[in-house]
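Take a look at the letters that make up each chain.
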Amino acid sequence: MIEDHQDGIENEGGVGVVIMEDGKDLERNISDSGLREPLLISKSRVNNTSQIAIIGANVCPIESLDYEIVENDLFKQDWRSRKKVQIFQYIFLKWTLVLLIGLSTGLVGFFLNIAVENIAGFKLLLASDLMLQDKYFGAFAAFAGCNMVLATCAGIICAYIAPAAAGSGIPEVKAYLNGVDAHSILAPSTLFVKIIGSALGVSAGFVVGKEGPMVHTGACIANLLGQGGSRKYHLTWKWLKYFKNDRDRRDLITCGAAAGVAAAFRAPVGGVLFALEEVASWWRSALLWRTFFTTAVVAMVLRSCIQFCRSGKCGLFGQGGLIMYDVNSGVPNYNTVDVLAVLSIGVFGGLLGSLYNYLVDKVLRTYSIINERGPAFKVLLVMTISILSSLCSYGLPWFATCTPCPVGLEEKCPTVGRSGNYKNFQCPAGHYNDMASLFMNTNDDAIRNLFRSDNPNEFHFSTLFVFFVGVYCLGVITYGIAIPSGLFIPVILAGASYGRFVGTVLGSVSNLNNGLFALLGAASFLGGTMRMTVSLCVILLELTNNLLMLPLVMLVLLISKTVADSFNKGVYDQIVKMKGLPYLEAHAEPYMRQLVAGDVCSGPLVTFSGVEKVGNIVHALKFTRHNGFPVIDVPPFSDAPEFCGLVLRSHLLVLLKGKKFTEHSVLSGSNILKSFHAFDFAKPGSGKGLKFEDLSFSHEEMEMYVDLHPITNTSPYTVVETMSLAKAAILFRQLGLRHLCVVPKTTGRDPIVGILTRHDFMPEHIKGLYPHLVHHK
């Protein structure tokens, strides 16, 4: 069996085809019926390897990213020739790009807020005006019709233009920063659909948020700015060439993800911690400083824009400042009963959060059957969920009783306008419908109402219970349709209603007010679904402007995460697994300690000599999809076969296109160093790079030789074949590798045993090789 070592093989029909050096095909069935299938992969195309994954609703080939520095002769020559001014240019441009990422993400976040507030505000005002005229059926028709039009538009552009824009995008960004590259996840079309689709989807009344999509949007903006220039759009400023590598793009995309959180939640410090705790697989102190600078820029942009809008020039935009939900009026003086209640909220939040993740898993797998049928069925599913959401939002308040307006309120009751705590709905003058104040509002205003503490009896028990059940169920069935949709807001809504329900039940027994209980309920649900602690804690404190609640929020998050971890993984980890993305965990699985590196790699390998015949290289490139090839020096260039290093497929294509060949097998590295520059081998951006089909050779050229030494990475990471596979896996992830060379322990054998790639550490691959191994949790 030939080891699938060189990463990036395209598979169809559940069979991986690996080509031997002599060109003969060797088929290896790599399906494993004992393992769970990735989401959306039908029975006719089952493939449980890490070579394919689900992007949008399509099965796409997966590549790994080259985070490792390729230290070949060209790279060394380039670094030796760089002057101080060029190094200054590189540093200056890196900070400039980070600044642009912060500015762009902040403006996009503000645009989303403006769009949602105005579009949803117009819709709600239209329905409210019709209800004031007792035109109830007309109000429902206008409300549901607006929702349907908005939802259909969001579904169409997502299904037909950029399927990768569906969902929150956080799992995809998390996988990218782990080293997984998939088609179109950060493409400009995905960015466009993500922004427009989020505005339309949230305005359409779905129980979704724009916070998750903002993380994806920030990453897309960073990827677009970090492409290193574009010949297509004549953006080839020579300074941009420094960023034509995956390492710098990774740093910029990490900054973009942090900026997305800062723009969505207006939480700059929380954005940095979110990037550190949840999405980034690789971190260093310099990156911490840059992400902090990015989120600070976002905070300044948002503050400036909101100050501008307070003059009334932004239409129906709300009056909220940088803090979204201000619950600072509540003084957290708590007693023993309160602590016991907080502990209970944490436990039940963990249970309900893990149940939420389980239900989302089942719903996504059910929707996959519909989504496989094509874009039209995706749009039809969006329209169906839109009708159901409109029916719940407009229909359920009719079952609520009208409540007399409290005496001595500063604000008007019933509420005049599109937002507020006291919606009139169908009630007579001087009364309000508390359920309509939650359902017939934007999601942000509904959360703001739940967090308020000035009127403890504002919502009835039944109202909070019905709203909790409705939002919980709508949040589960809405995530997975073909619109950009975040999970933060549905979870916060459900948790806040659950927490306020507990606070209302306790009543005078507790010293904490209902708004603070709503905050703790939201924290418990977030901990139970997202499984984050530090970043969520800081985000909630920045959202609510209440530092005094820090001990209780920490306690709730720790308890809910601990309880939920006993049942399943976090929601983003589940989605990464369902999509089939080959994500490397920070820890090695226990069964890996029973194996060594040599157990999962086998030969013969597709190797090249230091000076290789052009025809052999062309043959290997044509009949394989490998991305890394070992280079072995043989006599007369060495006394014995000697492992020289690793050469990448993309570098071979550039070298062959230059046609610096020799008629005889001789060293010609000096001529190649004069003919090429290190930037000629830089990795292209999301545009099309050089492909094998772009090359053509005559019969005479195929018989000539080319020296591979100048482009060979002479210092690849290597491990001895007897190293524990668990150690190798941790080393592979922490260093952000694409290839890990395995060398023999004893002499007198081939100088390289094999190459470990991301695929070799996947449970599916190891289970296929050693089915007797038992997977331990």
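For the structure, check the block above.
Reading the values: the criteria
Residues numbered from 1 in each chain as written. Predicted model: local features only at pLDDT ≥ 70, side-chain atom pairs only at ≥ 80, totals over all residues. Heavy atoms only, no water. Helix = DSSP H or I, 4+ residues; strand = E, 2+ residues; numbered from the N terminus. Buried < 20%, exposed > 50% of the residue type's maximum accessible area, 1.4 Å probe, protein only. Contact = heavy atoms within 4.5 Å. Disulfide = S-S within 2.5 Å. Pairing = 2+ DSSP bridges. Axes fitted to C-alpha atoms, helices over the stretch in contact; angles between N-to-C directions. Right-handed = clockwise from strand over helix to strand, strands pointing away. Parallel < 35°, antiparallel > 145°, perpendicular 65-115°, else oblique. Left-handed = near helix turned anticlockwise from the far one by under 90°. Nonpolar A, V, L, I, M, F, W, Y, C, P; charged D, E, K, R; others polar. Expected span 1.5 Å × (residues − 1). Salt bridge = Lys/Arg side-chain N within 4 Å of Asp/Glu carboxyl O.

**Quick word on the overall build of the protein**
Within the protein, the secondary structure is distributed over 25 helices and 15 strands. For the protein, with 777 residues in total, the buried portion stands at 57%. Counting only contacts in the protein whose residues sit at least 6 apart along the sequence, the fraction spanning at least 24 positions is 77%.

**Quick word on the state of the cysteines**
Within this structure, the stated rule accounts for 1 disulfide. With a sulfur-sulfur separation of 2.1 Å, cysteine 402 is cross-linked through a disulfide to cysteine 427. Its torsion about the S-S bond being -95 degrees, the disulfide of cysteine 402 and cysteine 427 is classed as left-handed. Taken together, the residues span a long stretch of sequence, with cysteine 402 in strand β6 (residues 402-404) and cysteine 427 in the loop between β6 and β7 (431-433) at a distance of 25 residues. The exposure class of cysteine 427 is buried, given its relative accessible area of 6%.

**Quick notes on the sheet that holds strand β10 (residues 628-633)**
The strand order across the open sheet built from 3 strands is β8-β10-β11, with neighbouring strands paired in mixed fashion. Of all the strands in the sheet, just β8 (608-609) and β11 (642-648) have a single pairing partner and so form its edges. Bridge analysis of β8 against β10 gives 2 bridges, and the strand direction is parallel. By the bridge assignment, serine 609 is partnered in β10 with isoleucine 632. Sitting on the sheet, helix α21 (residues 649-658) touches β8, β10 and β11, and the angle it makes with β11 is about 80 degrees.

**Some details on the environment of glycine 205**
Structurally, the position occupied by glycine 205 is in the loop between α5 (188-203) and α6 (211-225). Separated by 59 residues in the primary sequence, glycine 205 and cysteine 146 place their C-alpha atoms 9.4 Å from one another. In contact with glycine 205, not counting residues within four places along its chain, are Lys123, Asn147 and Ser389.

**A closer look at the side chain of serine 386**
Mapped onto the secondary structure, serine 386 falls in helix α11 (residues 375-395). With sequence-adjacent residues up to four places away left out, serine 386 is seen in contact with Asn147, Met148, Ala151 and Phe206.

**Examining the sheet that holds strand β14 (residues 740-743)**
The 3 strands lie next to each other as β13-β14-β15, forming an open sheet whose pairing is mixed. Of all the strands in the sheet, just β13 (718-720) and β15 (754-756) have a single pairing partner and so form its edges. Strand-to-strand, the axes of this sheet are offset by a mean angle of 35 degrees, without reference to chain direction. Inspection of the sheet shows β14 paired to β15 by 3 bridges, in the antiparallel sense. When the sheet's bridge partners are listed, leucine 740 is paired in β15 with leucine 756. Helix α24 (residues 725-734) contacts β13, β14 and β15 of the sheet and is inclined by roughly 145 degrees relative to β14.

**Structural notes on the environment of alanine 482**
Within the secondary structure, alanine 482 sits in the loop between α14 (461-478) and α15 (488-506). Residues alanine 482 and alanine 154, 328 residues apart in the sequence, show an inter-C-alpha distance of 7.9 Å. Setting aside residues no more than four positions away along its own chain, alanine 482 makes contact with Ala154, Gly155, Cys158, Ala166, Lys378 and Val382.

**Description of the pairing of β14**
Along β14, one buried face is formed by Leu740 and Val742 and the opposite face, lined by Cys741 and Val743, is buried too. Of the crossover connections in this fold, the one passing from β13 over α24 to the parallel β14 is right-handed.

**A short note on the packing of helix α2 (residues 84-132) against helix α7 (residues 246-265)**
Where α2 contacts α7, the two axes come as close as 9 Å, and the packing angle between them is 30 degrees. By the angle between their directions, the pair α2 and α7 is classed as roughly parallel. Crossing handedness for the pair α2 and α7: right-handed. Note on element contacts: α7 touches α2 through Asp248, Asp251, Leu252, Cys255, Gly256, Ala259, Gly260 and Ala263, opposite Tyr90, Lys94, Leu97, Val98, Ile101, Thr105, Gly106 and Gly109. Across the contact of α2 with α7, the residue classes tally to 8 nonpolar, 5 polar and 3 charged.

**What about α7?**
Taking 1.5 Å as the rise per residue, α7 with 20 residues should run 28 Å; its terminal C-alpha atoms sit 28 Å apart, in good agreement. Counted residue by residue, α7 has 19 buried out of 20 residues, so it is predominantly covered. Among the residues trailing α7, arginine 266 stands out with phi positive, at a value near 55 degrees.

**Considering unusual backbone geometry**
Cis rather than trans, the peptide bond between proline 635 and proline 636 has omega equal to 15 degrees. Locating proline 636 in the fold gives a position in the loop between β10 and β11. Despite not being glycine, lysine 659 shows a phi value in the positive range, around 55 degrees. Within the secondary structure layout, lysine 659 lies in the loop between α21 and α22 (669-675). With a relative accessible area of 36%, lysine 659 lands in the partly exposed category.

**A look at the packing of helix α10 (residues 336-371) against helix α19 (residues 571-578)**
Packed helix pairs are characterised by how far apart their axes lie and by the angle those axes make with each other. With their axes 10 Å apart at the nearest point, α10 and α19 run at an angle of 25 degrees to one another. On the basis of the axis angle, α10 is roughly parallel to α19. When the axes of α10 and α19 are compared, the crossing they make is right-handed. Counting all contacts with α10, which are made through Asn357, Val360, Asp361, Leu364 and Arg365, the residues of α19 involved are Val571, Gln574, Ile575 and Met578.

**Remarks on the pattern of salt bridges**
Under the defined criterion, the tally for this structure stands at 18 salt bridges. Between lysine 174 and glutamate 278 there is a salt bridge, with its nearest N and O atoms 3.2 Å apart. Taken together, the residues lysine 174 in helix α4 (residues 170-178) and glutamate 278 in helix α8 (residues 268-279) connect sequence positions 104 residues apart. The exposure class assigned to glutamate 278 is buried, which follows from its relative accessible area of 8%. The closest approach of N and O atoms between lysine 174 and aspartate 573, which form a salt bridge, is 2.6 Å. With lysine 174 in helix α4 and aspartate 573 in helix α19, this residue pair connects regions lying 399 residues apart in the sequence. Shared partners join several salt bridges into a network, and the residues in it are Glu63, Asp66 and Arg738.

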